[in-house]
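Overview (structure and organization)
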Amino acid sequence: MTTNYKDTLNLPRTDFAMKAGLVEREPQRLQQWESRKLYQQIQAGRAGKLRFVLHDGPPFANGDVHIGTALNKILKDIIVKYKTLRGFSAPYVPGWDCHGLPIEFKVSQEMRKGSAGVPPAAADVSSASFDPATIRKACEAYARKYIDLQRTQFKRLGVLGDWENPYLTLNKQYEADELRLFAVIVAKGFVYRGKKPVYWSIPCRTALAEAEVEYRDHVSQSVFVKFPVVGQPKTFIVIWTTTPWTLPANLAVAYNEKLPYVTAKVGEENLILFRGLLPAVAEKCGWAHYTATPFQTEQLATIQYQHPFCNRTGKAFAAEFVTSDTGTGFVHIAPGHGLDDYNLGRQNGLPIYSPVNDDGAFAYSNELPVEQQMPADMVGKSILEKHGKSDANEAVLHELRVRHALLHQENYHHSYPHCWRSKTPIIFRAMDQWFIKIDHERDEFKKAIDNAWQKVWGKMAPHGLSTMATKMDDFMSVVKDACAKSGTLPDILNADNTPASLRVGGIATVDAGVDWNPAWGLNRIRGNIANRPDWCISRQRTWGVPMPAFYDAKGEPILDAQIVRNAADLIEKYGSNVWFEKSACELWSLVKPKDWQGAQAVSKSNDTLDVWIDSGSSSRCVLQQRKELQHDGKTGDEIWQADVYLEGSDQHRGWFQSSLLLSLAGNGAAPFKTVLTHGFMVDADRDKISKSKQSQGGYDKPQTAEAYVKKYGADVVRLWVASQDYRNDIVVSEERVNKVGETYRAIRNALRYQLSNLYDFDPAQHTVADDQLTGLDRWILREYSTLEAEVITAYDQYEFHVVYQKVSQFVAVELSAIYHDVIKDRLYTDPADAPRRRSTQTALWRLVRGLCAMLSPMLVFTTDEAWEFIPDSGCASVHLCTWEPRPLALTEREEQTWRRLFAIRPAALACLETERQAKSIGKALDAKVILKGPAPFLGDLTEEEKESLRELLNVSQLVLTRPSEGAELTVVAVKADGQKCERCWHWETDVGAQAQHPLLCGRCVAAVRQAVK
Ligand SMILES: [Zn+2]
C-alpha cells in the first residue's frame, strides 16, 4: 500500500485571505452592509434593551472630511459599537451644522465670480449685492452638496449610523424647534438688546462670538501719548495704547488708587505717570535727564484733561484693572471699544461712543455733538490693516505728531484676537446687538447650586481634609470670580447666599452634575463660564436662522415669546426663507398674537442667530424630539439627557458650552452626563493640522480621511486612531501608521491561523466541555479570560489605546509565540477526531469568536470578514452579536503547575539552542530533554502535566529524573531515542513496529488508519 502520508495530515486551510487588500475589499463589504440594512438590523436586534446615547456634535457641512474630523467620528463609532456589542440599544444619529459664515463666504465668492467674471478680493465677503433669498438658496445647495460628500466619506470609514435620517440644522423642523427653545429663553428674561462692545470682523461685516475668535501673534503700533491737564500749563498725563485708532473715541483715563504716581520733569514739561514704570518709559521715550517728585494719587480724581486732538475734555477714574506691569499706570478709556472701558464708562455715566461704521471706517456718531468729535479729515479712514498698517492708525499718528502729543512709537508683539474666517485682527466695537444675559438669575438654578454644594462636599470627604480644602478652594474661587462679575459675593459655606444666575448655575452643574474625561475638562469649562461676557447672539449675516424680532416706529425692538413661537410655527411650515422673502408687514400680520397690546411693528430684524445657537440647541431639536434617543423607563431630565458628548478640546469654548448654557436656560438641566474630550491631529512640528497649512503646501499629501483610507484602508486608520491616547494631541506620522499596520497584520494572521484549523469543526457536535479540555487549552482560555476582563475595563473607561496594547500584546506573545506554535503538532498529526484535537479546536473557536467581537469596534471590516468563516458563529455579522464574557478559571493546582512549566521553559529553550548551535541536534523535535530539579518543583508533576511541558518545549521526548532535595534545576538536551517518524517528524522508539507502515510511529499508524477508513 502506498499512502501519501502528507494527505493524511490535518493541514490548515481557509479562504480567509492572508493579504488584507483593505482598499479594494472594504467598499464591497460596505455595499453588503447597506443592501442588508445592517444598521437597521442592529437597532431592531436591540429593541427594548437599555439605551445608551452618544449625541453627535455636528461638523460643518463644508469641504472634505479632514483627518481630524475622521478621528472624532471613529472614536464615536468605537464607543457606539462597543456599547451595542455589550447589549445596549445604542443608536447613532449623525448631524451637520449647515448655517454660518464659512458657507456664506464661499457661496458669495462663487456667486460674484459667476456674475461679474472676476474673482473678488480674498478677504471681501460682502454679499450685499444679492438678495437674501437668492444667497440662502445657494447656501442650502452648497451645504447639501457637502453633506452628501461627507456622508460618503464617513461611511467609508466604517462608521455605522442613521445616515439616511441625520439631523440638519437647516431642516424646517430643526429651525422651528430651535426657535421654540429660544422662545422659552426669551420668556424667562435672558435675552436683551443692548449697545455693548462686541468682536467685529471688518471683512465679514459681522459681530463674532467668543468661539469665532482665535488668538494669533500680531504686531501692533504701540504709542505713548501726552494728554494735557486742564488749568496746569505744560503738565500732562502719559497714556500708552496699542490701538491708536481708538484714541478718537477716548472719553476718560483710568488709574489705580493703590499705585504711587510721580511727576517727571523733562525739560520744561511735567509728565504724570506711575512711579514703578518711570524708568522703562524714560528709556523708551529717550529722556536723558529728568527728575521725579511724588504726585498725590488722590488728586487724580479731580483732574480734567484736554483730548489731544478732539475738542472736548475728559476725567480720570480709579479702576482695579489698571496694572503695574506694562504701560504708564494710566489706561486710556474708550467705552465703545473695550469691555473694561465699557463697564467703567457705564459706572461713570459716559456715553458708549464708537465712531466706527460697519465697514470698519471712522464715522461720526450720534453719541456726541459733531464739533466734539474727530477732525473731519479722519472720517472715512479704514481700521483694517494692510501689511501691518491701517489708514486710521496713520491718520491718528499724524494728528498726534502735528500736535506734539506723541512721546514715542514702536512695534509691539503680542497675541491678539483674529477673525477665525478672514484671519484679520478683529476690533471691539460697541453696537446694538442681542445678548443672552449670563448673570440673569432664576430660581430653577438654586437646585443645581444646592446639589453642587452638597456633592462637592460629599465627594471630597473620602480624600481627607487637605484634599478637601484644596478642592473646595478651587471650586469656591471659580464661584467667587463668577459672582464678582455680577457684583455679589457668595457666603463661602452657604449655597442660599449665592446668586442663582445662569453663570453660577452653570459652574455648579458642570462641577457636580457632569463627568469630565479627562478631568481637566472641568477646569476648562468652569473657567470659560466664570469669565465669559454676555453672549452676543445676533449676526449681521444672511445664512442662518432669523432673529425673530421686530422694530416699532421709534426703532424700539419688539421681542416676545409668543411672537417667537408663532414665527417657529411659520418656519416649520415654510422653512426660514419665509422670513427673508416676506415683507415686515406681511410677517407681522402672520405672527402678531391675537391679543397683542404692544407697539405695532414697522420693520423686521434682518439679523440671524449665532450658529452656536443652532448647534447648541440640538438637545432640544434632536435629543428631545427623536423617539429612538429617549431613555425609556427613566424619569425627569434623564429621559432625554445624552450619556456622552465627545468632541475636540476646543469645544469647551464652543459646542459643550453653547449646549450647556442653552439647555440650562431652557430646561434647567445639562444636556449630557459625561463629556469626553480628544486632542487634535498635529503634525511633526506639533502644529494643528489645518486647512490653511494644507493650502500653503505644508503637507506632502492632503490631510483628508480619504487620502489615508485610499492608502491604508479604513481598518488600519481606525486601528491607528484606537492605538493613540486621544486625550492628548495625536502626531500624524506615516511611521506610526505603518507600525500599526504591522500590528494589523499580526492580528490578521492570528485570526487566519485560528480559522484555518476550524474547517472540520462543528461546534454543536465537537465542542469539548471546560473540564475535559486539555491543560494547554485551559491555560490559553484562562489567559484570554484575563485579557477579556482587562479589555472590558479599558473600553468602559474609554481607554482604547489600552485595548490596543493589551490585544496586540496577547496576539504577539501568548498566541503567536506560544500557543499557536505548540498546538500545530496535535492539530496536524492527531487523528482528525481525536479528543485532544477537538479540545484545541474548541479553544480556537472560542478565541476567534472572542477576538473578533472584542476587536469589532475597531477593525470593523476585518472582524466582520473573519466572522463569516467561523463555523456556526451565531449571527450573520459580528456587528449583530453580543459580547458576553464566559470566563474560564483554573484550579489552584493548575495555576501552580503553569507557573512552574513557564518557569522551566526559558532554561530548556536555551539549552536546546545551545545544542543546536553545537549541531548535536537539528530541530527541537530531534531532541530528548532531561530535567533534574528540586522535589516540590518537578517531583509531583502528573503524566498529563509532563506531557504539557513536552508540548510546550516541542521536543520528542521529555524525561524527569528522580528529583533530589534542594538541587538546582538542570537541563540536558540529547538526541532523541528511536527513529524519526516520516509523518509527524517525532523521534519515537515504536517507529516501524507496524509492518504495514514501516516509517511511521504508533500514533501516526492509528491516525492514518482512521484517515483512510
Ligand atoms: Zn508519527
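Since the structure is predicted, the reported quantities are computational estimates derived from the model, not experimental observations. (Residues numbered from 1 in each chain as written. Predicted model: local features only at pLDDT ≥ 70, side-chain atom pairs only at ≥ 80, totals over all residues. Heavy atoms only, no water.)

1. Some thoughts on the overall build of the chain
- What the chain contains, in helices and strands, is 33 helices and 32 strands.
- Across its three principal axes, the chain shows a C-alpha extent of roughly 130 × 70 × 60 Å.
- Burial statistics for the chain: of 1013 residues in total, 58% are counted as buried.
- Summed over its atoms, the accessible surface of the chain is roughly 42,000 Å², and 50% of this surface lies on carbon and sulfur atoms.
- For the chain, the distance from the average site of its 121 positive side-chain charges to the average site of its 124 negative ones is 2 Å. (Helix = DSSP H or I, 4+ residues; strand = E, 2+ residues; numbered from the N terminus. Buried < 20%, exposed > 50% of the residue type's maximum accessible area, 1.4 Å probe, protein only. Areas by Shrake-Rupley, 256 points an atom, 1.4 Å probe, with all protein chains shown as cover. Lys, Arg positive; Asp, Glu negative; His and termini not counted. Charge placed at Lys NZ, Arg CZ, Asp CG, Glu CD.)

2. Describing the coordination of the zinc ion
- The coordination sphere of the zinc ion contains the protein donors C981 (SG), C984 (SG), C1001 (SG) and C1004 (SG), at a distance range of 2.2 to 2.4 Å.
- For the zinc ion, the 4 donor atoms in the first shell make angles of 106 to 115° at the metal, a pattern classed as tetrahedral. (Donors = N, O, S within 2.8 Å, 3.2 Å for Na, K, Ca; no water. Tetrahedral: all angles 85-135°; square planar, octahedral: opposite > 155°, others 65-115°.)

3. A word on helix α29 (residues 860-867)
- Of all 8 residues in α29, 8 are buried, a share of seventy percent or more.
- Taken together, the buried positions of α29 are occupied by V860, F861, T862, T863, D864, E865, A866 and W867.
- Lining the buried residues of α29 we find α1 (22-35), α3 (67-85), α5 (132-156), α22 (714-723), α23 (734-756) and α28 (835-855). (Contact = heavy atoms within 4.5 Å.)

4. As for the pattern of salt bridges
- What the rule picks out here adds up to 67 salt bridges.
- The residue E444 makes a salt bridge to R442 at a minimum N-O spacing of 3.1 Å.
- Classification of R442 by relative accessible area gives partly exposed; the value is 26%.
- Where D770 meets R886, a salt bridge forms, and the shortest distance between an N and an O atom there is 3.0 Å. Within this pair, whereas D770 is found in the loop between α24 (763-766) and α25 (775-796), its partner R886 is found in the loop between α29 and α30 (892-917), the two being separated by 116 residues in sequence.
- Residue class for R886 comes out exposed when judged on its relative accessible area of 51%.
- Connected through salt bridges with shared partners, the residues D777, D825, R826, D830, R836, E947, R950, E951 and R1003 form a single ionic network. (Salt bridge = Lys/Arg side-chain N within 4 Å of Asp/Glu carboxyl O.)

5. Remarks on the sheet that holds strand β10 (residues 269-274)
- With mixed pairing, the 6 strands of this open sheet are ordered in space as β11-β9-β10-β7-β6-β15. Every interior strand has two partners, whereas the edge strands, β11 (291-295) and β15 (406-419), have only one. Taking the axes of each pair of neighbouring strands and ignoring which way they run, one obtains an average angle of 30° across the sheet.
- When strand β6 (residues 213-228) meets β15, the two strands line up antiparallel, connected through 13 bridges. Within β15, the position partnered with H218 by the bridge is H414.
- Most of the contacts of helix α7 (residues 278-285) go to β15, to which it runs at about 110°, and overall it touches β6, β9 (261-266), β10, β11 and β15.
- Packed onto the sheet, helix α9 (residues 391-402) meets β6 and β15 and runs at close to 160° relative to β15. (Pairing = 2+ DSSP bridges. Axes fitted to C-alpha atoms, helices over the stretch in contact; angles between N-to-C directions.)

6. Side note on the nonpolar core
- Judged by nonpolar contacts, the single largest core of 143 residues is most densely connected at W720, F800, Y819 and W883.
- By residue number, the principal contributor to this core is helix α26 (residues 800-822), which donates 11 residues.
- Non-local contacts of F800, meaning those with residues more than four positions away in its chain, are made with L75, I78, I79, A722, Y726, Y795 and M858.
- Membership of the second largest hydrophobic core comes to 76 residues, among which are V191, I436, I613 and F672. (Core = buried A, V, L, I, M, F, W, Y, C linked by side-chain atoms within 4.5 Å.)

7. Comments concerning the confidence of the model for the chain
- When the pLDDT values of the chain are averaged, the result is 90; 92% of them are 70 or greater.
- Below a pLDDT of 50 lies the segment residues 116-125, which in the model reaches 17 contacts outside its immediate sequence neighbourhood of four places, other chains included. (pLDDT = per-residue confidence, 0-100.)

8. Describing unusual backbone geometry
- With an omega of 0°, the peptide bond running from N517 to P518 counts as cis.
- Within the secondary structure, P518 is located in the loop between β17 (515-517) and α13 (520-531).
- If you check the backbone angles, K423 has positive phi at about 60° while not being a glycine.
- Here Y798, not a glycine, exhibits a phi torsion of approximately 60°, which is positive.
- Tracing the chain through its elements places Y798 in the loop between α25 and α26.

9. A closer look at the packing of aromatic side chains
- Within this structure, the stated rule accounts for 37 aromatic pairs.
- Pairwise contacts between aromatic rings join Y82, Y726, Y795, F800 and W883 into one cluster.
- For K226, the ring lying beneath its charged end belongs to F236, and the centroid distance is 4.7 Å.
- Just above the ring of W985 sits the side chain of K980; from NZ or CZ to the centre is 5.2 Å. (Phe/Tyr/Trp six-rings, centres within 6.5 Å; stacked < 30°, edge-to-face > 60°. Lys NZ or Arg CZ within 6 Å of the ring centre and 35° of its normal.)

10. What about helix α33 (residues 1002-1012)?
- Buried residues of α33: C1004, V1005, A1007 and V1008, and no others. Buried positions in α33, seen along its axis, are confined to an arc of 165° and lie on one side of it.
- Those residues of α33 that are buried are in contact with α27 (824-829). (Arc of directions from axis to C-beta.)

11. Brief notes about the sheet that holds strand β30 (residues 970-975)
- The 3 strands are arranged β29-β28-β30 in an open sheet whose pairing can be described as mixed. A strand with exactly one partner marks an edge of an open sheet, and here the two such strands are β29 (957-960) and β30. On average, each strand axis in the sheet is inclined to that of its neighbour by 20°, with strand direction left out of account.
- As paired elements, strand β28 (residues 927-932) and β29 share 4 bridges and run parallel to each other. Considered in β29, the bridge of K928 is made with Q957.
- On top of the sheet, helix α32 (residues 943-953) reaches β28 and β29; it is set at about 130° to β29, its chief contact.

12. Observations concerning a nonpolar patch on the surface
- Residues Y364, V370 and V379 make up a contiguous nonpolar surface patch of roughly 230 Å² in combined accessible area.
- Mapped onto the elements of the fold, V379 is located in the loop between α8 (339-347) and α9. (Patch = residues over 30% accessible without salt bridge, like charges linked within 9 Å, V, L, I, M, F, W, Y side chains within 5 Å.)

13. Here we look at the packing of helix α6 (residues 172-187) against helix α19 (residues 655-667)
- Put simply, α6 and α19 touch, their axes get as near as 8 Å, and they point 65° apart. Handedness of the α6/α19 crossing: left-handed. Contact residues: L181, V184 and I185 in α6; L662, A665 and G666 in α19.
- Split by residue class, the contact of α6 with α19 holds 5 nonpolar, 1 polar and no charged. (Left-handed = near helix turned anticlockwise from the far one by under 90°. Nonpolar A, V, L, I, M, F, W, Y, C, P; charged D, E, K, R; others polar.)

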